[in-house]
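Notes for the structure review
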Amino acid sequence: MTRLVRSLVSVAVPSVAAIMLALASASVSRSPQPSLVTVADHVPGALEGAGVAVGPSQGALTVRVVGDYECSACEALDRRVGRRLRALASQGRLRYQLVQAPLRAHRRAPKAAQALFCADRQGEPWGMHTLLVEGRPEWGWGKDPHEVFRRYAGRLGLAVAEFQECLGSPYATSRLEADRSAAANIGVAGVPVILVGSTLVTPSRSFTEVLDLVEARLAGG
């Protein structure tokens, strides 16, 4: 057991837990060895109500992911296990929650997060999420990505004028800041952060540990 894991397991003071979570999350994409660490109940609870979610709101196992649309590890996580987890959520077997915490160096990620929230306002967050993940080579550089996002809105059958007005609006800005604040309150300093219930998962590059843990929990393990 590493010193970091020992610290996480033994923490009792919320501020210390936040610092340790920041260290753990910052190492997620680099760690060659997976780990599972139980965190204090207030850590996942602090994210309640943030981001977008699918699945039962009460009584279900909740998988929380704090991410960033310009984060390569976040993209890999979504492609490898995120879709499966959302499928389980759609079947009512768990709740899947995605919280946006764009890193300061990722200048287009906040705009992509706002596109997610504006699509959510029209009831289509996950369609937009899929397009944002798959389309990063398209909107990740070049001119202002808002035109790409508007095109995505049209593909999803959204009211494009309403969507366009939403981008950069106080609504979209406040949604993003609420997510960032929730993530900051638990000490998130790097992404992705993956919480299965109260277990912080630092996975290998395959992310299979996430699905293994979820399936064990759903089976009562």
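A brief look at the structure comes next. (Residues numbered from 1 in each chain as written. Predicted model: local features only at pLDDT ≥ 70, side-chain atom pairs only at ≥ 80, totals over all residues. Heavy atoms only, no water.)

**Side note on the overall build of the protein chain**
What counts, and what does not: In this text, helices come from DSSP runs of H or I with a minimum length of four residues, and strands from runs of E with a minimum of two, each type numbered from the N-terminal end. Accessible area is worked out with a 1.4 Å probe on protein chains only. A residue is then buried under 20% of its type maximum, exposed over 50%, and partly exposed in between. Note on definitions: a residue-residue contact is assigned when non-hydrogen atoms from the two residues lie within 4.5 Å. Computed with a 1.4 Å probe, the accessible areas rest on the Shrake-Rupley method; for each residue, only the protein chains presented here act as cover.
A tally of helices and strands in the protein chain yields eleven helices and six strands. Sorting the 221 residues of the protein chain into buried and exposed places 53% on the buried side. Considering only contacts within the protein chain whose residues lie at least 6 apart along the sequence, 78% involve residues at least 24 apart. Accessible area of the protein chain: about 10,100 Å², with a carbon and sulfur share of 52%.

**Topic: the sheet that holds strand 5 (residues 193-196)**
Rules: Pairing between strands is defined by DSSP: at least two bridges between the two strands are required. Note on definitions: angles span 0 to 180 degrees between N-to-C directions of axes, and those axes are lines fitted to C-alpha atoms, for helices only across the stretch in contact.
Strand order in the open sheet formed by six strands is 1-6-5-3-4-2, and the pairing between neighbours is mixed. A strand with exactly one partner marks an edge of an open sheet, and here the two such strands are strand 1 (35-38) and strand 2 (52-54). This sheet shows a mean twist of 20 degrees between the axes of neighbouring strands, independent of strand direction. Note: strand 3 (residues 62-67) against strand 5, four bridges, orientation antiparallel. Across the sheet, Val65 pairs through a bridge with Ile194, a residue of strand 5.

**Thoughts on the environment of Glu70**
Rules: The definition of a polar contact used here is a pair of N or O atoms within 3.5 Å, where within protein one atom must be able to donate a hydrogen and the other to accept one, and adjacent residues in sequence count solely through side-chain atom pairs.
Along the chain, Glu70 falls in the loop between strand 3 and helix 4 (72-90). With a relative accessible area of 17%, Glu70 lands in the buried category. Here Arg108 takes part through its backbone nitrogen, which lies 2.7 Å from a polar atom of the side chain of Glu70.

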